[in-house]
Amino acid sequence: MLKSLGNMVSVMRQARQFGAQMQAVTEKLKGQRATASTGAGMIEVEVNGLGEVLRVKIDPGLVARGEREMIEDLIPAAVNQAVTKSRQLHMDAFKSAAAEMDLPGLDEALSEMGAEGHGAES
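First, a word on what this report is: a plain description of the structure on this page.

What counts as what
- Residues numbered from 1 in each chain as written.
- Predicted model: local features only at pLDDT ≥ 70, side-chain atom pairs only at ≥ 80, totals over all residues.
- Heavy atoms only, no water.
- Pairing = 2+ DSSP bridges.
- Helix = DSSP H or I, 4+ residues; strand = E, 2+ residues; numbered from the N terminus.
- Axes fitted to C-alpha atoms, helices over the stretch in contact; angles between N-to-C directions.
- Contact = heavy atoms within 4.5 Å.
- Buried < 20%, exposed > 50% of the residue type's maximum accessible area, 1.4 Å probe, protein only.
- Core = buried A, V, L, I, M, F, W, Y, C linked by side-chain atoms within 4.5 Å.

### A word on the sheet that holds strand β2 (residues 43-48)
Pairing is antiparallel in the open sheet, where three strands are placed in the order β1-β2-β3. Two strands bound the open sheet, and with one partner strand each, they are β1 (33-38) and β3 (53-58). Neighbouring strand axes in the sheet, compared pairwise and without regard to direction, differ in orientation by 15° on average. Of the pairings in the sheet, the one linking β1 to β2 comprises six bridges and is antiparallel in character. Pairing of Thr38 across the sheet is with Ile43, part of β2. Relative to the sheet, helix α3 (residues 68-100) contacts β1, β2 and β3, its axis offset from that of β1 by approximately 150°.

Have a look at this one:
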């Protein structure tokens, strides 16, 4: 009985540590940046490590020429590329945090999640 109580306390302590580490990872990701461009640089998108779009830059020439359809096509492509890069930052940060924690199976689970994400992007 005492051993199982000790195990439960240990698991709870690890869960609190993991929660604190995940909060730190989230804060770190807010400061990281990923950019992507499409149309030979005519559209550029910047996102943070959480996948939040921070900036969209549109070549003034596209706007001046009234290239609305091209802009509409290029923006989603650039956003998707930037978000994909952001997801990789996110996965790398969580793998790093998991490596510091002694939680059996967590690193493998994160690796599998990363592999699944790459399959969906292809």
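### Regarding unusual backbone geometry
In the Ramachandran plot, Ala40 falls in the positive-phi region, its phi being about 55° despite a non-glycine side chain. Here Ala40 lies in the loop between β1 and β2. The exposure class of Ala40 is exposed, given its relative accessible area of 86%.

### A look at the nonpolar core
Grouped together as the largest cluster of nonpolar side chains are 11 residues: Ala34, Ala36, Ile43, Val45, Val47, Leu62, Ile71, Leu74, Ala78, Ala82 and Val83. When contributions to this core are tallied by element, the ones reaching two or more residues are β1, β2 and α3. Per-element tally for this core: the top contributor is α3, with five residues. Once residues lying within four places of it in the same chain are set aside, the contact partners of Leu74 are Thr38, Gly39, Met42, Ile43 and Leu62.

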